[in-house]
Structure formats: C-alpha cells, structure tokens
Amino acid sequence: MNKLNTKIPDGPLAEKWTIHKNRIRLVNAANKTKLDIIVVGTGLAGASAASSLAELGYNVKAFCFQDSPRRAHSVAAQGGINAAKNYKNDGDSIDRLFYDIMKGGDFRAREAFVRRSAEVSNFVIDQLTAAGVPFAREYSGYLDNRSFGGVQVSRTFYAKGATGQQCLLGAYSGLIRQMSLGKVTLYSRRDMLDVVLIDGKARGIITRNLVSGEIERHSAHAVVLATGGYGTIYYLSTLAVGSNASAAWAAYKKGAFFSNPSFVQIHPTSLPQLNDYQAKLTLMSESLRNDGRIWVPKKKGDKRHPNEIPEEERDYYLERMYPAYGNLAPRDISSRAAKERCDAGYGVGKTGLSVYLDFKDSIAKKGKKVIESKYGNLFELYEKITGDNPYVEPMRIYPAGHYTMGGLWVDYNLMTSIDGLYSIGESNFSDHGANRLGAGSLMQCACDGYFVLPVTIGDYLADDIKTGKIPTDHAAFEEAEKNVNDKLTRLISVNGKQTVTSFHKRLGKIMWDYCGMVRNEEGLKKGLKLLEELKEEFWKDVKVPGTMDELNQELEKAVKVADFFELGRLMCQDALNRKESCGAHFREESQTPNGEAQRIDKEYSYISTWEFTGEEKDHKLHKEPLEFECVKPKERTY
Amino acid sequence: MNLTLKIWRQKNANSKGAFVTYNLEGASQEMSFLEMLDYLNSTLIGKGEEPIAFEHDCREGICGSCSLYINGRAHGQDSKSATCELRMSRYKDGDTIVIEPWRSKAFPVIKDLIVDRSAFEKILEAGGFISANTGAAPEANSIPVPREHADKSFDAASCIGCGACVSACKNASAQLFIASKVSQLALLPQGRVEAKLRARNMIAKADELGFGSCTNTGACEIECPKGISLAHIARLNREFLKATL
Amino acid sequence: MSNFFKASIGRKVLVGLSGLFLFSFILVHLTVNLFLLAGQESYNIATHFMTTNPVIQTIEPILAVGFILHIAYSVWLTFLNQKTRPQKFLKVDQSKSSTWASRNMFVLGGLIFVFLIIHISNFWYKLNFTEIGYIEHGGEMMKDAYTMVASSFAIWWYVVIYVAGAVLLGFHLNHGFQSAFQTIGLSNEIWRKRWTVIGNFLSIVIAAGFSIIALYFLIKHLIS
C-alpha cells in the first residue's frame, strides 16, 4: 500500500496547500533547463501545464492527436468556470465553494484536494483574464457572474456559451508563446500508445505519427497525462468523437492505479438520438432548465403532437417528484427521472426515448424576446438539427454520457502510482467525487495545469538534475515499441467483416444499458458477460482496412475501441463492487423507499482504486478510506 | 435518398489526387452531412475499399476540425455554419455533391479531404498572445474593460481556426483569422501593450507563409462558421498602420 | 516604415489611397464634363481653366503618379495572389458570399485601363498635342474642346465604348470606394454600411453622369 500514499500534509485543511508548497523540494532555474517533461494532451489542463512548465524553464514536449492544441475537447465546455471571488457579495468564499464541490460529489472526494482547487480557483480567473480571455462584463467594466448548477451563490465566470473555448484558447495562447520561444515543442497528430518505464520511473512514451504511421519514441524525465475523459465508451455521448481512454489505459496497464472508474456523469439535457447513424449527441446547455418545464404525457404511448396534449394530461414529473427544486433538480436526479419515465413507457418521440422541455409558459410569462435573448443561439441550434421550432413546440431531450469523474489515481502532487507519471484534469479522479458540480471541470483543469502541477512536479524532478538526457535506445523503449507494433499488427491482421464503428456502437449500448444511469447487480453481471463475448467477436471479426504506414483513421479508432473493451470491464467491476448509490452512481439495490439514491457511508466511504494484475485477470481493488475533518456527509435532499 | 458524390481522393501529400465519383444509396435526410460520409465509409469498408479520410471531432461546431468545400462553398451551402452542423435535409434525392478539401498553398493536402493547417499556428506564434506568465497576473477586477469592448473582443475571439476564411477567399488570404486574434487582444487593455508588434509580425508571417492579401470581397465573413465581422479586419488594418507608420 | 512597404497590407493601403485619390479626380472630371451640358462656352472656359491653371498643372503629374501607383501595386498584388492557390477548386460558388465586382476588380481595372488609353489618345492627347480649332470666349482665344468632343460623341461606336467604360468604372468604384476605407482602417460595422451606401450612390452618379453626356451628344447628333 506504500504506492497509495496520498502525501497530503498534516495541518489544518485551509493551510495544507501552503504548508505543502513550503515544504516540497524545488529545482533551481538553471537546473530546470536540463530537465525534459512530456505533456500528453493539450486541453485546458495540458496546455496550461505545458506553458507554465516551459515558463519555469523546463523543456516541454507537448502531444495531441488533433492537428492543433486548440481543438482539444475543453473547447466544447459551454457554461462557465467557478471561482470563489465573491464579486457578488452574496456570501461566497473558498470554504463555501469547497463545500459545494464536496456535496456535489456526494462526499466521495478527498477534502484536501477539493479545498486546494477551491483556493486556487481565484488565481485561475486572474490568470485567464490576463491572458486575454474575454469573460462577460457588467456595464461597470467589472467581471460578471452567473449562478450555475444548483448552488446558492453566483460564482460562475462565463464567456457567453463558449467559456471552454475561450479558456482553452487563453491557455493555448500561452502554449503558442512558449512554442515561439522554443521552450515547447509541439507534436500534433500523435496518438500516445504506451508509456515507457525505466527502473520503475516513467521516462517516455511511444506515439504513432498519425500522418506517416511511424511509431516514435520520446523520452523525458517526467510524463504528464492530460488526456481527458472516457465518456465516448458509450459511443453516443456529448464528447468529441476522438476523445478516448487509450493513454490512461496504457498507463494503467503499466502500473498506474485507476480510481472510481464507474463514476460517470450523465447530462440530463442532451438532444435525443435521431437515427442509427448518429455519431454523437449534442449537448443543450443546462441553463435551459431555468425556463423550460420538463414533462411527459400522463398516458402511456401517447402519440399525439405535444401541442395537442391538454395541460391536465401532462405530467410535469420533476415538479411533482421534487417540489423544492422542480425542473432544476440536480443532473443525476433529473437524468434518472427521465430514464425512469421513458422505461415505464411514457417517453416521447419516434424512439420513445425522450422527454419534452417546454418553454410555452415562460414565453407566455416573460415574452418571446426575453427567451430569445437568453437562449436564441440554442434554439437555433436545436431547430437546425431537429427541424422543429422550440418557440412553438417543446424541445425533446434525453440524458447522455458527459463527464467521467473516475480516472487515474493521483497523490497530492498529482503523481500517479508510477513514479514520474502525472495525471491532471479530467484524466485523473481527484476532485469531483461521485458527481461533478456544474462549471467545475474547467476550474479543476486550470487549477491543476496552471498552479498545482508546475509547483509539485519539482519535488520529484529534484532528484533528476544530474540524470542527463534519457536515451531512447534503452531496452524499455525497445520493448514498448515492439508491443505497440504487435498490437497494431494484430488489429490489422484480423481482417474480418465488421467495421470498428459497428463494434463501438454495440459496446456503447452494452455500457449504456448495464453500466449507465442506473445499475444493478444482475445487469452488471450480464454486461460483463456481453462485453466479454463482444470483445472476442471483435478480435475475430473486426475489419481494419489500409496499412499501419499511412494515415489510417480506422486503425486509430480500432485501438481506442480495443482499449474500451478492457476499460468497460473495469467500469462494470467497479460498479458491481460499490453496492451503494452515490452521486451519479445509482445502484437500484440501494435506494430509499421513495426511490432516492441511498448512500451507505459505513461501508462505502472509500475511494475504489484498482490495480492491473494482468490480461484477463481480475483487477485488484484497494480501498482508500475517506476521512472528513471539515465536512459532515449528509443526505442530499432536493 | 440516393446521391452522387464527387469526392477528392489523394493517397498522401506527395501523390497526385483525383476526383472519384460514388453513388450512395440509402442515405437519409435525418443524417448530418458528416454522418452521411460516415455511412459512405461504412459501405466502402464493406466493399473492401479504403474509406475517405476527413477531419471531425466535436461535431457541434466549436472545435474547428471539420473543413470540406462542398459544392463550391466552404462548409457547404449554409452561411455561418460549420460542416458538422450541415444537415442532409438540405439536400434531395438525386443530388450531386462535389466535396473538395480546403485548397491553398499554405494548406497542403495530407490525405483525401484532410489538409495541414499548421500555418495558422505559425501565424499565432508570431504574436497571437499576451506575454503574461503564470502567476504574474493582477487581480482580475483591477483591469476594468468596457462591456462593449469585451463583447466585441469575444466576437473576434470566437474564431475556431477552421480555415474556411482562407478557402472562401479568392486570394486565399488569412486576413480574417489574423484579424480575429489581433482585434480580440487590441480591444482589451491587457493586450494593448504588445499591440504594435503583434499586428506587424503576424501579417509578415502570413505573407511569408504564402497566404494572399485581402481584397475586401467579404466572402470570409459569410462563410465563417462564427460570422466574424469584416470590421475586425478594418481594426487589424488600423493596428497595422499604427504599428508601421 | 520599412515594415509598411514590405507587408501585404502596406501595398493594399497604397492601392486604396491612390484609388481614393483617383476617385476624387474622377469627381472633378465629371464636374468639368457636366459643363458640356451647359453649352460650348462654359465647357471651353472650364477646359481652358483646367489646362492652363498652374495649380492644376502641378497636380497633373501627381495624378499620373497616382495612376501608376494604383496600377503597379494592383498588378503586383494580383500577381502574388495568383500564386496562393496552385490547385484550383473544381467547383466554386461565391454568388452568395460576395459581389461580382469585388471578385473582378482586376479584370474591371484592366478593361478600364484599355478604355483609358483609348480615351487619352482620343481626348487628352488630341487636346494637348494636336492642332485643333480655336474659338474666342469673353475676349480670350482658347481651344474649342467642345466641338472636338461633340464630333467624337457623334460616332456611335465611340459612344458605345465610352458608355461601356463609364459602366465598368462604376462597378470598379462600387467596390473600390468602401474597400479603400476598409483597407485604410476607417471602417467598422456601422461605417462599412455607410461607405457602401455612399459608394453605391457615387458610383451610379459617375457611371450615369458620364454616360448621359455621351448619349446626349449622340442623340443630339442623330436628331439634327
């Protein structure tokens, strides 16, 4: 268990980060130039880390699979980024933000981590503003805030509906600057396929050049994974089509532990699936729930046009079931309620897998103008995709896989259980417990990348100032490269009949049905069995056209799907182990008499951390007990 | 519905490409344009042919990965939208669709419909940033920004770097791309400090990389998925004049 | 300053500024031409003033430089722009995204240049370097430019060329006017619309003004 030392310093919660910063070792400026760091992924976390590390003097090699760092999926975050500035004088504070994140995560996150992010969040806003991020302003010229995600204060900074894009581009501009100064070398269009360990330390990665197909070796003194989440395991999700788990999975198989893999946030307001060819689900901002009322017909299988269904035959089920919060009930509750209604046969649309989000009353009360000024672009987007006009008929929505709270286990330095291998942003599991608070994702990515990792990485690298360049001809590189080559060759040589995508769709359906919004023992066991069968079929009958030595998008997909089969098994196993409901993880066996999630603190107040023990073997569980000094876990009531 | 697709195929950067015509049966109006291409690819794989390489990622019009010059227009026939937002309901049974990659000297084709847009990055490297080191930032509210400027700055900053402006431009000019960055930062007090160098150096870089010059046709503004205004090019020109005269 | 001349925008600014200068010349030119409608005496006095006034005489070479700059830099920029897309698109549809004139400024400019040569050889050269009749107005002897013009405009094909030149010029200015202000940075969302409206109005006035004068003489000739 030595590997699972969290390195959280002693001392009062509010002072831990300061204490830690003062205690850890540093590398002096001259020595930093002798050290190389690889950063994989260039989203908000990766880009901010790469640029901040380069500013300090380290030589950074940044990798992304896209053609440019600017396309990383942070770009798609819409709503905003939290910080405890208390600009609104509404009683916000670092402690309150900390508490809201803990509560949002249903008390399954480490206090010290969450407290640190809340503390650092304020600097993030300063930093991004200085970098030229055009956050929304009031007429005074000062920054504006909005309320977001079921909290009682306004602490969310935003840039219209494109906060993620603007934050990412801010971090990207810092990265660009370091590239122009020669401190960051960018390797775009690269897939990281393995991490290389020398004497137990992460010393490099193996990548595939997606244009030439060449397998490349890159060495460094430390490797940082900022590779995002794995929600695309469901095939249909709100994530970018290219998002994947392969880098994290490679690290896991090399010995990095994986925590809470089954914690996946399902977003309640996505557009429903329209046809079988659909490649992704489009997110509709959650803010719509401020003015839209969610309902289904009271009669099962009612095929009437929504406008023909009279008021008394509509079931505004969220308002009925959760009178206090109504349509603004938390993400998981409202997602589950939609699924429950649809499964019970009340769903609408051709597939019966959607519910109405109706703006009729708001338009009548506030006027079309007001609604248009608030949601005009979203309404337009909706009409573009579905052909229906939400001003005259209700929208149809359905939950979709969105954010993965689970990820690589990290200690207080954000180092995984492999020495010298770090994980930041969504790729680690650190801050969000069993569910993520709205506008918390950008916050964590920027905190990790700008202010935590650049400080903590020195503690490890202090030992490496005399190491010198890491050679790439070491046997470990040799072996890792060979393994990668073998895997790719194997995928191509199956030469079966079915496309990679068809497997991904079937895999996604299994995951969604049995390890999605609602889980139970029987389903998870069935899911595991189906996964195993499908995986076998995949390796017998997948068709990957083309060769390894060229731009081959099917091969890229095949690698990702092959890894998803293995990750899917771990997710099911994790969900199976956790027989309580908490946050986004709802086990049917664990609910209150009126169908609410029932947390079981006595038995499950721990982080499930998994260790890879070998192909086809069961993953090994380590339980990291959660201790709460400052917050008292309590029941969620909405 | 059935479609005739005339698509540019090119094995790699060094080979000569050509148009190949595909007759696609069974496409549906419910598909998005890219889903139609996904579907075409699945039929190609089924027939043992190589699928068409094209770029896409977020599929909601924000990442800027998708490109495609469709029937003579960047991102297809809808103005102010990206290819991934284009729906097949805009087409009818029997239509012929010509699909080409972005074409310009600065964006060489890598494979089929994929081009290399790293020239944009090189332009940004010439000055598309504020030199603010991590940790050096003052308290955010110590820099008030008039709301009108912040809004305009946002409009400029909404650029997704897709390259449609270059493709729509008869001169393959990157002026709207440069303007979006120069204008975004010129409108903010934080960005004023380096405004001169920025305008001058980014323009010089674009010239060097083989982008054309702007003749103010305005096509870029119409085809830009974010509808970034030509007014930002006027501001770029002002900034350039201030920097050089 | 050297950065200015090295950069594409610098070259554009020169084209724009010289264009605006030429535009102002054309307005003066049209004003003088309008004297043709006022009769022989008025026009001849105006022409006499233009050809003898020392201020105008000094501006004339500057005007020539303006033409040369405008043409030389346009040719250079167009030449550079030709090289930016070695592989052309198979199908191009810019009808929805830009005006025809804006896409064809070089072609328009080229045709106007051809017209200019015809025009110069037929009017300016004749007026300055060949013997034409003199006439007395208000006690002063001066060249009878009016009669020279009237005889030219009596030739139907010359009028056709002239009107065509005026219309081409109208299209060229229609885009060129607001484009020049955009290039020198004197534009924004609001002013672009204003420049466009003003440009539209002036280009129509110019095209129509020159054409009407020519047609007036042709019709007068045909009737008489």
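Here is what the cut-offs are and how they apply
- Residues numbered from 1 in each chain as written.
- Chains lettered and ligands numbered in written order.
- Predicted model: local features only at pLDDT ≥ 70, side-chain atom pairs only at ≥ 80, totals over all residues.
- Heavy atoms only, no water.
- Helix = DSSP H or I, 4+ residues; strand = E, 2+ residues; numbered from the N terminus.
- Polar contact = N/O pair within 3.5 Å; in protein donor to acceptor, adjacent residues only side chain to side chain.
- Contact = heavy atoms within 4.5 Å.
- Domains from an automatic or database assignment.
- Buried area = accessible area lost by both parts, 1.4 Å probe.
- Salt bridge = Lys/Arg side-chain N within 4 Å of Asp/Glu carboxyl O.
- Core = buried A, V, L, I, M, F, W, Y, C linked by side-chain atoms within 4.5 Å.
- Buried < 20%, exposed > 50% of the residue type's maximum accessible area, 1.4 Å probe, protein only.
- Pairing = 2+ DSSP bridges.
- Axes fitted to C-alpha atoms, helices over the stretch in contact; angles between N-to-C directions.
- Phe/Tyr/Trp six-rings, centres within 6.5 Å; stacked < 30°, edge-to-face > 60°.
- Lys NZ or Arg CZ within 6 Å of the ring centre and 35° of its normal.

Chemist: Sorry if this is basic, but what is going on with the side chain of Asp464(A) here?
Modeler: All names here are of chain A. Mapped onto the elements of the fold, Asp 464 is located in the loop between helix H12 (441-461) and helix H13 (475-494). Only 2.9 Å separates the side chain of Asp 464 from the side chain of Arg 203, close enough to count as a polar contact. Excluding residues that lie within four positions of it along the chain, Asp 464 makes contacts with Leu 35, Arg 203 and His 221.

Chemist: Teacher, can you tell me more about the domain arrangement of chain A here?
Modeler: How big an interface is tends to be reported as the loss of accessible area on association of its parts. All names here are of chain A. Per the domain assignment, the segments of chain A are domain 1 (2-263 + 405-464) and domain 2 (266-402). Taking the mean C-alpha position of each, domain 1 and domain 2 sit 33 Å from one another. On the side of domain 2, 15 residues touch domain 1, which itself brings 13 residues to the contact. Buried surface at the junction of domain 1 and domain 2, summed over both partners, amounts to about 1400 Å²; 51% is from carbon and sulfur atoms. Of all residues in domain 1, the largest losses of buried area upon contact with domain 2 belong to Gln 78, Leu 236 and Thr 238, amounting jointly to 41% of the total for that side. Taken together, the links from domain 1 to domain 2 amount to 0 salt bridges.

Chemist: Quick question: what am I supposed to make of the nonpolar core here?
Modeler: Soluble globular proteins: nonpolar side chains tend toward being buried together. Counting residues in each nonpolar core, the largest one holds 171 residues, and the members touching the most others are Ile81(A), Ile457(A), Ile178(B) and Phe211(B). Top element by residues in this core is H12(A). It accounts for 12 residues. Setting aside residues up to four positions removed in sequence, Ile457(A) forms contacts with Ile37(A), Leu53(A), Tyr58(A), Ala222(A), Val224(A) and Tyr422(A). In this structure, Ala256(A), Ala338(A), Val500(A) and Leu534(A) belong to the second largest nonpolar core, which totals 105 residues.

Chemist: Is there a simple way to think about the interface of chain B and chain C in this case?
Modeler: Opposite the 50 residues of chain B that make contact, chain C presents 39 residues. Taking both sides of the interface into account, the surface hidden between chain B and chain C amounts to around 3700 Å²; carbon and sulfur atoms contribute 54%. The largest share of the area that chain B buries against chain C comes from Arg103(B), Lys170(B) and Asn216(B), three residues that together contribute 15% of it. For the interface between chain B and chain C, the tally reads 1 salt bridge. Ionic pairing is found between Arg192(C) and Glu221(B), a salt bridge with its closest N-O pair at 2.8 Å. Counting across the interface, chain B meets chain C through 24 residue pairs in polar contact (both at pLDDT 80 or more). At the level of secondary structure, the elements contributing two or more residues to the side of chain B that touches chain C comprise strand E1 (3-9), strand E5 (96-100), helix H4 (164-168), helix H7 (195-209), helix H8 (219-223) and helix H9 (231-244) of chain B.

Chemist: Even after reading the chapter, I still don't get the sheet that holds strand E7 (residues 190-198) of chain A, so can you show me in this structure?
Modeler: What links the strands of a sheet is backbone hydrogen bonding, and the strands pair in either a parallel or an antiparallel sense. Residues and elements named next belong to chain A. Within the open sheet, the 3 strands sit side by side as E7-E8-E9. Their pairing is antiparallel. The open sheet is flanked by E7 and strand E9 (215-219), the only strands paired with a single partner. On average, adjacent strands in this sheet sit at an angle of 25 degrees to one another, irrespective of strand direction. Docked against the sheet, H13 engages E7, strand E8 (201-209) and E9, running at close to 140 degrees with respect to E7.

Chemist: Help me understand the sheet that holds strand E18 (residues 421-423) of chain A, please; the structure alone is not making it clear to me.
Modeler: Residues and elements named next belong to chain A. Reading across from one edge, E6-E2-E1-E10-E18 is the order of the 5 strands in this open sheet, with parallel pairing throughout. The sheet terminates laterally at strand E6 (184-187) and E18, the two strands that pair on one side only. Averaged over all pairs of adjacent strands, the angle between their axes in this sheet comes to 20 degrees, without regard to strand direction. Where strand E2 (residues 59-63) and E6 come together, 4 bridges link them in parallel fashion. Note on E6: the bridge partner recorded for Phe 63 is Tyr 187.

Chemist: What is the right way to read the packing of aromatic side chains from this model?
Modeler: Note on aromatic pairs: each is described by the distance of the centres and the angle between the planes. All names here are of chain A. Tallying each qualifying case throughout the model produces 55 aromatic pairs over all chains. Measuring from centroid to centroid gives 5.9 Å for Tyr 252 and Phe 258, while their planes differ by 90 degrees, and the two rings are edge-to-face. As far as burial versus exposure is concerned, Tyr 252 and Phe 258 are alike and both buried. The aromatic ring of Phe 113 is capped on one face by Arg 110, whose charged end is 4.6 Å from the ring centroid. We note Arg 116 situated over the ring of Phe 113; from NZ or CZ to the ring centre the distance is 5.3 Å.

Chemist: Quick question: what am I supposed to make of unusual backbone geometry here?
Modeler: The phi angle of most residues is negative, glycine excepted, and most peptide bonds adopt the trans form. In this structure, Asn86(A) is a non-glycine residue whose phi angle is positive, near 55 degrees. Here the phi dihedral of Leu68(B) falls at roughly 75 degrees; this positive angle occurs in a residue that is not glycine. You can see Leu68(B) is positioned in the loop between helix H1 (33-46) and strand E3 (69-70).

Chemist: Just checking my understanding: could you explain the pairing of strand E13 (residues 293-297) of chain A for this structure?
Modeler: It is a general feature of regular strands that their side chains alternate between the two faces of the sheet. All names here are of chain A. Judged by how many residues are buried, E13 sits mostly within the fold: 4 of 5 residues are covered. Two elements, E13 and strand E15 (residues 355-358), share 3 bridges in a ladder whose sense is antiparallel. What sits directly across from Ile 294, in E15, is Leu 357.

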